[in-house]
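The primary structure of each chain is shown beneath.
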Amino acid sequence: MMSEKSKPRIGVYVCHCGTNIAATVDVEAVAEYAQNLPGVVQARHYTYMCSDPGQTLIKEDCRALGLNRVVVASCSPRMHEPTFRAAAQEGGVNSYRTEMANIREQCSWVHHDKEAATRKAKVLVASAVAKVTHLEPLEEREAGVHPGTLVIGGGVAGLSAALDVAEAGFPAYIVEKSDRLGGHVAELGHTFPDLEPTADWLAPLIRRVEEHPAITVMLDAQVEEVAGFVGNFEVTVLQGGQAQQIDVGTIVIATGYQLFDPSRKPEFGYGRYPGVLTTWELEQRLATGDLVVAGRAPQDVAFIKCVGSRDIQLGNPYCSRVCCMVAAKQAQMVRQALPETRVTVFYIDVRAFGKRGEEFYDEAREAGVRYRRGNVSEVYRRGERLVLRVEDTFLRRTVEHETDMVVLAVGMEPRDDTGVISALLKLPRSADGFFLEAHPKLGPVDTTTNGVFLAGCCQAPKDIPDTVAQAKAAASSALIPLIRGTVPVISETAIVDAELCAGCGMCVDVCPYGAPALDPLWGVSRINAVLCKGCGACAVTCPSKAICLQQFTPEQIMAQVDVLTV
Amino acid sequence: MSSDKPAALIIGAGIAGIQAALDIADAGYPVYLVEREPSVGGRMAQLDKTFPTLDCSSCILTPKMVDVGQHPNIRLMTYAEVVSVSGEKGAFRALVRKKPRYVDEEKCTGCGACAEACRMHGRIIDTFNQGLGMRASIYVPFPQAVPLIYTVDPEACLYLTRGKCGNTFKCKDACPADAIDFEQKEKLVELDVATVIVATGFDLVDPATKPEFGYGVYPNVLTGLEFERLSSASGPTAGKIVLDGKEPEDVVFIHCVGSRDPHGGIPYCSRICCMYTAKHAHLVRDRLPDARITVFYIDMRAFGKGYEEFYDRVKHEGVLYRRGEPSEVYRRGEKLVVRAEDTLLRRTVEVEADMVVLATAVVPRADEAQLAESLSLERSPEGFFREAHPKIRPVESSRAGFFLAGCCQGPKDIPDTVAQAKAAAASAMVVLAAANRA
Amino acid sequence: MQDIQQFANEIGLDLDLLACIQCGKCSGGCPVSITTALNIRFLVYESLLDALPELVHMEELWDCTCCFTCVERCPKDVRPAELIITLRNQLVESGKIPGTIGEALMGIFRQGNPLGLAREDRALWAEGLDVKPAREGCDTLLFTCCYSAYDVQSQPATKALVRILHAAGVDLGYLGTEETCCGNEVKRVGEKAMFDEMLVEEGKALLESVGARCIVTTSPHCYNTFKNEYGLEGIEVLHYTQVLARLLEEGQLKLSVPVEKTVTYHDPCFLGKQNKVFDEPRAVLRAIPGLNFVEMDRIRERSLCCEGGGGRMWFEGTNTEDRLAFQRVQEAVDTGAEVLAVACPFCLAMLADAAKVKGLEEQLKVMDISELVVQALGDGG
């Protein structure tokens, strides 16, 4: 029997979500129905429950009516569960006694028949009410924070992120796989759109990092293992065969990208013809001034774009975002170095979108670079020269363009070791293989793992300004727990009933976070609540049903299911 | 708000200002978030869905707006403008002008009785809805406004413009909270802050500067932002794509209206139009399955994460992409005609339309020059605020301690704006941490 | 546009017009795009715009060789060549096809081969070779292309192949006059109904009835359609070069007599580009003692089409002056090769004819790979 004190007094709040829900679900009828469910004291509907007045409605009801449980029927809890939990908490209701019924994604958005959708919405609400009736209050918990940030990768992204962390007064540890800092960018002679020598700004950046007292740079080093959770990560770094442990509060992933291997596009003859280069190889040639092909300066240079990008057949459907500008840069530089040389860029769409990007494209054409629209289909040899076979889509004619040097603007791909890092930190990847951000719009540097953030091209291709901005953004996220000094810890953890536990240890084996351990004295499982992520793997594995996941106990789930199956 | 720590001032409460404010406030520093409109939210609040995920804009923005409204470390100053900022990094003094709302912010509950009662109800052009709807002289820009406080439009209020509103103030009489106060005066507030983030956003070019498209002449030639309000569930047509009561059968979208046009004074690419037009085309297809949809483009710039994939998707939905920048729009009978060379066809074509949507260029705020002067900030040649270094200092401005977030530095989509706003927050935190140590 | 797309789907093609971004990768690689009026990129665009001209006036639709270079290279997976097949289907439905193609189809309908020669004569080439009738049961079923069986130019290669397989101890069977055209080209000229209802339906039953472990084809075209389109169950389909390469590797086939020739090899589109069989024919040539193997420039994925596929064996094309085969034999001569080796009866016909027309016969002999291998067999052959 429930004590009088915890006798359910439930408020139900049905959201219209503008017309997102209200157009398909009769929200008024749902609220009316909810009003008569057991334990419900008040049921309301409102245009946007997540708006300020919507939340105020909940808070005021909680106080005025002495509610002790709240059900919000609106969208997926993914976005708004924290919102409504906070609102309930402010109204004096334990935030863990809130439950959401998803009548948008799982109802209004997927149905057309208003009557049936309304019926379904009612059942979903009833089910949430049934569950919330059985929810127990949980404590908000906090943990301390190791002041410091681990930055994986020492390219421009990693350097920028580390500097912000260090400048704000916290230690930053850069773990770099190679033997130098600077990443891919260090191999660029000049950068678009100002043709500024890269070294002019990269060298000072590297120097600042190397000389910063709060930054530790570890070269030829790799992250071997990551244990712990936000605020309290224990990182094992392997350097020169030595393992060492670094304790940090947050982690920034800045592992970068790898270049597309153009031998996967055999039609271009890369590797067969010495005159076929990648943009990357041309960058080196431009740096040394050696543009000679087959013993002489090329009279004609042709760029091919989208090599390895925008290509569904290859499995790279995405645009690599920088190649258009790289080609514009190199084409101009070739024109500068060899004013007599004809330079042609073959393209599908010229993507000159960044600040001064379009102007730079204008400058390239002014410099005499020819732009022809057509995706080059193949390259072959004719005598001493190379031939590009391509339809100039404006001429509406397939042409054979004779040239001496073919430059392939190769795109970016996720690094081969993305999977390793992904496994290490339990980070999901998006369909394109890059790391998946928490929200494509509003959480571009956050991940689903708290305390782990993304910077630069490991999340998606980016140019340098966007990489630096994103790296600094990751630093901002990484700094928040460090500056605060504490982090909230989830409360919906698994607990063990020691009476029932047989000490079989299956929970220890199944837990991905290392939370359970067998108590050597009593031979029963103990769960470290700080490490527990609340995934429930142990609860379903336990053969003696000794483990239950708070907020998802059998009693709570069955109450919810019973309503659904009526 | 904790007063023992150095504070940040953020100018502009669109998504950039909101995100920067939340990061800094979450780290424990006080933030003054100053917004000149009556509500926070900025441009993003005006959008319907967002590309490429088609999340509803207000669904993802509203919680952030509520957060800044409720955050213990954020002091929201809406309907206020920064007049000047003196001093230097670590020790700035900002002068903020708080404009009179003629509504007591403490008393107003946002019930809306005043607007219902206003004599001008339904007669004032609703600027939030891009003029596609009407409101009263006293208003909140949109239902989810934060703060939800009514504001008297000084240019539309009969009393404020003519000194008289009948024999009695309808609004005052209707207000159950006695919140309306025509005696309110402008107030000047001084703020001590260590750092400033400028997040003042952008304007859109006036399409009348491109008279060939007939904007303003033909009521069915719209801008992209007008289309957003038209397709928005909370907009004037409740999300129905109708003009003059009729659903269009032929919809034509035109890219690069004003952008990539040094001749017209805008040499740069506006960076967002390709994708929002793709989204608009999708929305038309979604609401009007039988409509013929044509997009005229020069280069399809689908560069961001998931963008090319979205372009692929929209094409599969039967949106016809034709390469060529239309040269003019004219009327033929009941229809508009869009005249363009289809450069892939190598032929000039006339495409009939019932609705033409112009993807207008992102331009600096009309008062960007003035703001630059009052804040002592430099601008790039195209008029946006200049960053300290295009590569490694993309959010630092020309003035130490001032940082740039979002489209005031140059056109950007939402993810890039959010990233840049957080970047500005990181730079601001560095200044705040140093000031805190001092 | 929707009509065409729908029609394409109805006849089982994966054409995806809406995916097209008009980049021109298809037209740029199309082997006949320079020599004829065919512009596949533009055809896709006209389809999207519902602005296709009257199909009957577009003779260039029959220029397509169905080499599928466009399909292999299209970054958006539009499968452009399938638009041509779709349009050809529409033309076939309305009976508006070139006369020579009509005759070939009639020949297949009546006699089971496009040459219109008597069905009873199909196995004449095999006389004296002692090929076991497949009905007696066999491990490997030999399937000859109609040209391999009837065309005097191809028959030596067919005979050579049988000798080689026998020498390697392969338990080989042959259906003889029961064999009917595979229909690979029938499908590609747009006679979908005949392909499905007559050739596949009957052919599949016939092939499966033998109970062989594998089918070896003389032509990449038969190989392609059996392997990818017939849905044969429990039978491995191999091109003969794959079988030879395997026999050589396993040591069952031994080549001992030197063939002192400089040889280059032409990749057939249906074997190479479309089915990625590039290495086996080369391995077989390299295994021939004394043979000096040289490569042309355009090989493997970049091989130039001989212009014999997609029904072009039955249709001259709109440009008879400037044939790809002319270019190809010259490329072969330029390598210094005396022999241009092929692995397809169509390539053999097109290239041998080109060598003749171009007066290169003295310098360059076009031979099937099996004709070279048989020379290296020694006594066993």
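Computed from a prediction, not measured in an experiment: that's the story for all the values here.

The rules behind each value
- Residues numbered from 1 in each chain as written.
- Chains lettered and ligands numbered in written order.
- Predicted model: local features only at pLDDT ≥ 70, side-chain atom pairs only at ≥ 80, totals over all residues.
- Heavy atoms only, no water.
- Helix = DSSP H or I, 4+ residues; strand = E, 2+ residues; numbered from the N terminus.
- Buried < 20%, exposed > 50% of the residue type's maximum accessible area, 1.4 Å probe, protein only.
- Contact = heavy atoms within 4.5 Å.
- Areas by Shrake-Rupley, 256 points an atom, 1.4 Å probe, with all protein chains shown as cover.
- Lys, Arg positive; Asp, Glu negative; His and termini not counted.
- Charge placed at Lys NZ, Arg CZ, Asp CG, Glu CD.
- Buried area = accessible area lost by both parts, 1.4 Å probe.
- Salt bridge = Lys/Arg side-chain N within 4 Å of Asp/Glu carboxyl O.
- Disulfide = S-S within 2.5 Å.
- Pairing = 2+ DSSP bridges.
- Right-handed = clockwise from strand over helix to strand, strands pointing away.
- Domains from an automatic or database assignment.
- Core = buried A, V, L, I, M, F, W, Y, C linked by side-chain atoms within 4.5 Å.
- Polar contact = N/O pair within 3.5 Å; in protein donor to acceptor, adjacent residues only side chain to side chain.
- Phe/Tyr/Trp six-rings, centres within 6.5 Å; stacked < 30°, edge-to-face > 60°.
- pLDDT = per-residue confidence, 0-100.
- Axes fitted to C-alpha atoms, helices over the stretch in contact; angles between N-to-C directions.
- Parallel < 35°, antiparallel > 145°, perpendicular 65-115°, else oblique.
- Left-handed = near helix turned anticlockwise from the far one by under 90°.
- Nonpolar A, V, L, I, M, F, W, Y, C, P; charged D, E, K, R; others polar.

Draft legend 1. The overall build of chain C, seen in detail. On a plain count of helices and strands, chain C comes out with 16 helices and nine strands. For chain C, the spread of C-alpha atoms along the principal axes amounts to about 65 × 45 × 35 Å. Per-residue burial for chain C yields a buried fraction of 66% across its 381 residues. By sequence separation, contacts in chain C at least 24 residues apart represent 77% of the contacts at least 6 residues apart. Summing over all exposed atoms, chain C offers an accessible surface of approximately 13,400 Å²; the carbon and sulfur share of this is 46%. Distance between charge centroids for chain C: 4 Å, based on 36 positive and 57 negative side chains.

Draft legend 2. Local environment of the interface of chain C and chain B. Taken residue by residue, the interface counts twelve residues in chain C and 13 residues in chain B. With both chains or domains summed, chain C and chain B bury close to 1,100 Å², and 58% of this area falls on carbon and sulfur atoms. In terms of surface lost to chain B, no three residues of chain C exceed L18(C), Y45(C) and L49(C), which account for 44% of the buried area on that side. The tally of links between chain C and chain B comes to two salt bridges. The shortest N-O distance in the salt bridge between K76(C) and E308(B) comes to 2.5 Å.

Draft legend 3. Just the state of the cysteines, in detail. Residue and element names in this part refer to chain B. Evaluation of the coordinates by the stated rule reveals one disulfide over all chains. The disulfide partner of C56 is C59, and the gap between their sulfur atoms is 2.3 Å. Here C56 and C59 share a disulfide; its torsion about the S-S bond, 85°, makes the bridge right-handed. Per residue, the accessibility class of C56 equals that of C59, and both read buried.

Draft legend 4. Structural context of the pairing of strand β7 (residues 172-175) of chain A. All names here are of chain A. Because side chains alternate across β7, one face comprises the buried residues A172 and I174, and the other comprises Y173 and V175, equally buried. As paired strands, strand β6 (residues 149-152) and β7 are joined by four bridges and run parallel to one another. By the bridge assignment for β7, T149 is matched with A172. Where the polypeptide runs from β6 across helix α6 (residues 156-167) and back to β7, its parallel neighbour, the crossover connection is right-handed. Taken together, the four bridges between β7 and strand β10 (residues 215-218) define a ladder with parallel strand orientation. Bridge pairing in β10 places Y173 opposite T216.

Draft legend 5. Examining the domain arrangement of chain A more closely. Structurally, chain A comprises domain 1 (10-138), domain 2 (149-257 + 414-487), domain 3 (260-412) and domain 4 (494-550). Summarising the inter-unit geometry, the C-alpha centres of domain 3 of chain A and domain 4 of chain A are found 59 Å apart.

Draft legend 6. Region of the structure containing the nonpolar core. In this structure, F226(C), L244(C) and L285(C) are the most contacted members of the largest nonpolar core, which totals 219 residues. Counting residues per element, this core draws most heavily on helix α15 (residues 345-357) of chain C, at nine residues. If we ignore the near neighbours within four places in the chain, the residues touching F226(C) are F143(C), C182(C), L207(C), I215(C), T217(C), G231(C), L232(C) and V237(C). Counting 132 residues, the second-largest nonpolar core is a separate cluster that includes I215(A), A478(A), L22(B) and A424(B).

Draft legend 7. Structural context of the pattern of salt bridges. Enumeration over the complete set of coordinates arrives at 90 salt bridges over all chains. Where R44(A) meets D61(A), a salt bridge forms, and the shortest distance between an N and an O atom there is 2.6 Å. You can see R44(A) sitting in strand β2 (residues 40-46) and its partner D61(A) sitting in helix α2 (residues 52-65), a full 17 residues away along the chain. The exposure class assigned to D61(A) is buried, which follows from its relative accessible area of 6%. Between D171(C) and K132(C) there is a salt bridge, with its nearest N and O atoms 2.4 Å apart. One end of the pair, D171(C), is in the loop between α8 (155-167) and β3 (172-174); the other, K132(C), is in strand β1 (residues 132-133), with 39 residues separating them in the sequence. Here the residues in one salt-bridge network are R296(A), R382(A), R385(A), E400(A), E402(A) and D404(A), joined through shared partners.

Draft legend 8. Examining the interface of chain A and chain B more closely. With 79 residues of chain A at the contact, the number on the chain B side is 79 residues. Between chain A and chain B, a total of about 6,300 Å² is buried, with carbon and sulfur atoms accounting for 57% of that surface. For chain A, the biggest contributors to the area lost against chain B are K355(A), K441(A) and L442(A); these three give 13% of the whole. Between the two partners, chain A and chain B, sit nine salt bridges. Of the charged contacts in the structure, one is a salt bridge between D416(B) and R321(A), with a shortest N-O distance of 2.9 Å. Applying the counting rule to chain A against chain B returns 34 residue pairs in polar contact (both at pLDDT 80 or more). Among the secondary structure elements, those contributing two or more residues to the side of chain A that touches chain B are α2, α3 (77-90), α6, α7 (198-211), α10 (357-366) and α12 (464-484) of chain A. In terms of residue count, α12(A) provides more of the side of chain A that touches chain B than any other element does, 15 residues in total.

Draft legend 9. Quick look at the packing of aromatic side chains. A full pass over the atoms with the stated rule returns 21 aromatic pairs over all chains. Relative to F303(B), the ring of F353(A) lies with its centre 3.4 Å away and its plane at 5°, an arrangement referred to as stacked. In this pair, F353(A) is assigned in the loop between β18 (342-347) and α10 and F303(B) in the loop between β17 (292-297) and α8 (307-316), connecting two distinct chains. When its relative accessible area of 1% is taken as the criterion, F303(B) is described as buried.

Draft legend 10. Structural context of the domain arrangement of chain C. Residue and element names in this part refer to chain C. Per the domain assignment, the segments making up chain C are domain 1 (2-93), domain 2 (112-247) and domain 3 (254-377). Here the C-alpha centroids of domain 2 and domain 3 sit 21 Å apart. Listed per partner, the contact involves 32 residues of domain 2 and 29 residues of domain 3. Roughly 2,500 Å² is buried in total at the junction of domain 2 and domain 3, and carbon and sulfur atoms are behind 72% of that figure. Counting every contact that joins domain 2 to domain 3 gives seven residue pairs in polar contact (both at pLDDT 80 or more). Contributions of two or more residues to the side of domain 2 that touches domain 3 are made by α7 (146-150), α8, α9 (184-188), α11 (220-228) and α12 (240-249).

Draft legend 11. The arrangement of the confidence of the model for chain C in detail. Averaged over every residue, the pLDDT of chain C is 95; residues scoring 70 or more account for 99%. Interface predicted TM-score (ipTM) for the complex: 0.94; the corresponding pTM is 0.89.

Draft legend 12. Region of the structure containing the sheet that holds β17(B). All names here are of chain B. Spatial ordering of the open sheet is given by β15-β22-β16-β17-β18, a layout of five strands whose pairing is parallel. Only two strands of the sheet have a single neighbouring strand rather than two, namely β15 (221-223) and β18 (319-323). Ignoring strand direction, the axes of neighbouring strands in this sheet form an average angle of 25°. Two elements, β17 and β18, share five bridges in a ladder whose sense is parallel.

Draft legend 13. Structural view of the packing of helix α5 (residues 114-133) of chain A against helix α15 (residues 554-565) of chain A. All names here are of chain A. Two numbers describe how α5 lies on α15: the axes approach to 8 Å, and their chain directions differ by 155°. In terms of orientation, α5 lies roughly antiparallel with respect to α15. The way α5 lies across α15 gives a crossing that is right-handed. Mapping the contact onto sequence places V123, L124, A126, S127, A130 and K131 in α5 and Q556, A559, Q560, V563 and L564 in α15. Classifying every residue of the contact of α5 with α15 by side-chain character gives seven nonpolar, three polar and one charged.

Draft legend 14. Highlighting helix α6 (residues 224-231) of chain B. Residues and elements named next belong to chain B. The element α6 is largely enclosed, with a buried count of eight among its eight residues. What α6 keeps buried is the set G224, L225, E226, F227, E228, R229, L230 and S231. Looking at the buried side of α6, the elements it contacts are β3 (49-50), β14 (202-204), β15, α7 (273-287) and β22 (355-360).

Draft legend 15. Spotlight on the pairing of β22(B). Residues and elements named next belong to chain B. Extensive coverage of β22 is indicated by the burial of six of its six residues. Of the two faces of β22, the one lined by M355, V357 and A359 and the one lined by V356, L358 and T360 are each fully buried. Of the strand pairs in this sheet, β15 and β22 are connected by three bridges, and their pairing is parallel. Following the sheet pairing, L222 is matched in β22 by V357. Summarising the sheet, strand β16 (residues 250-257) and β22 pair through five bridges and their orientation is parallel. If you follow I254 over to β22, its bridge partner there is L358.

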